[in-house]
Amino acid sequence: MSAVGLIVEYNPLHNGHVHHYTRAKEVTGAEHAVAVLSGPFLQRGEPGLVSKYARAEMALAMGADLVIELPAAYAVQPAEWFAYGAVALLNATGVVDSVCFGTESGTLEVLQPLARMLAHESEELQGHIAHYLGQGMSYPSAYAAAAEALAGSGGWKEDILQLLHKPNHTLGLHYLIALERLGSRMRPYTIPRIHAGYHDEVPGHTNIASATAVRRMLLGPAPDEAAPYVPATTLAILKREFAAGRGPITWESFRQPLLHLLLTTPPEQLAALHEVTEGLEHRLGKLLPALTGADVAGMLAALKTKRYTHTKLQRMLVHILLRHSKEQLAPARLAEGPGYLRILGFNKTGQALLKQMKKTASLPVVMKPSAFSHDQLDLDLRAAAAYANAYDAPSPDDWYRDYRQPPVMI
């Protein structure tokens, strides 16, 4: 029973994702697919357009057999920890034998040897990163420049810096690094992105558009414009969730609670929260009078500097909203890996995979969070409640849904 692992957000699931799923099964020869799905908040520091349950349902409707939640501790993180958490979950199932991800080039030729070199971060790499940070670079740019410096000393001729400025190459590299660090037997595969770039805001002339473009259409005056670019099941699920007041959820849905926290949290307490670094608590305090009249997009624009990327600032706001401390998400704790396999959904084949996982998994398989206790799970439950509070008319059933909701099954 072979299975390929997919690391996804599906915000929302669109035709490009269907292509990735189909090609992943083709190139790996896998009979089944296991998806690791981000929960309420996503890697780039954005809320999901609809709940994780709705997005898990989209995945199952497409054909995925089993959906596992990526804990919030890893979901809203830079590429290194996002990738490590997701790969560690797939590795821990004991039933996944390959991982397939998209890259701009569709080749592992350069990424694999670079990943082997970077898997165990040397003092030299850390020294390069510190040097470039000292020049005012953002962390992703500093990491890419450090990787290029080491790759150059290793005799590579490829332009590593240019390579790592492409978001899917960056994630792909960190998936490969995670496989190396874990000593995983899962085999990596990659397929090229087609037709739509990661950040493309408007669709091209095919039926594949980026998630950014699809969201723009869904949030516009004519959501049905997205119909050619998403499966019919995705559009039906979105319409159902929107009609029920459970979406679309955007950063603006959290403006009031975020402002409350910024106005009432002393700087020293802000400084203790994850990704509030290098004096950002003081920058927040200085700009706060101007921020109170702004939407969240305006807050981010006011906070942005050359040093801090838009994505870094979005993630910081998520950690402020969810009160994630530096201690809770310290690198040493993240390096221990996820503590459980939280099942979000499955189909009939997925049931067979779950039965096999009970014999092979190296982590507890969690079907009912109310029957399991873990520090990371506490963060998941809090994130789900905070997310549900953004619904049009949230109820206690919404706030505590994670305690009561069984996995989605189709």
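It should be emphasised that the depicted structure is a prediction, and the values quoted were computed from it without experimental measurement. (Residues numbered from 1 in each chain as written. Predicted model: local features only at pLDDT ≥ 70, side-chain atom pairs only at ≥ 80, totals over all residues. Heavy atoms only, no water.)

1. Examining the pairing of strand β4 (residues 98-103)
Logical step 1: A large share of β4 lies buried, amounting to five of its six residues.
Logical step 2: Alignment of strand β1 (residues 3-8) against β4, held across two bridges, turns out to be parallel. Paired with valine 4 across the strands is serine 98, a residue of β4.
Logical step 3: Sheet topology places β4 next to strand β5 (residues 187-192); six bridges connect them, and they run parallel. Bridging across to β5, valine 99 finds its partner in proline 188. (Buried < 20%, exposed > 50% of the residue type's maximum accessible area, 1.4 Å probe, protein only. Helix = DSSP H or I, 4+ residues; strand = E, 2+ residues; numbered from the N terminus. Pairing = 2+ DSSP bridges.)

2. Brief notes about the domain arrangement of the protein chain
Logical step 1: Once the domains are mapped, the protein chain shows domain 1 (3-104 + 190-249 + 331-409) and domain 2 (251-322).
Logical step 2: Distance from the C-alpha centre of domain 1 to the C-alpha centre of domain 2: 26 Å.
Logical step 3: Each partner contributes to the interface: domain 1 provides 16 residues, whereas domain 2 provides twelve residues.
Logical step 4: With both chains or domains summed, domain 1 and domain 2 bury close to 1200 Å², and 60% of this area falls on carbon and sulfur atoms.
Logical step 5: Viewed at the interface, domain 2 and domain 1 are joined by zero salt bridges.
Logical step 6: At the boundary of domain 1 and domain 2, one finds seven residue pairs in polar contact (both at pLDDT 80 or more).
Logical step 7: Split into classes, the residues belonging to the side of domain 1 that touches domain 2 amount to ten nonpolar, three polar and three charged. (Domains from an automatic or database assignment. Contact = heavy atoms within 4.5 Å. Buried area = accessible area lost by both parts, 1.4 Å probe. Salt bridge = Lys/Arg side-chain N within 4 Å of Asp/Glu carboxyl O. Polar contact = N/O pair within 3.5 Å; in protein donor to acceptor, adjacent residues only side chain to side chain. Nonpolar A, V, L, I, M, F, W, Y, C, P; charged D, E, K, R; others polar.)

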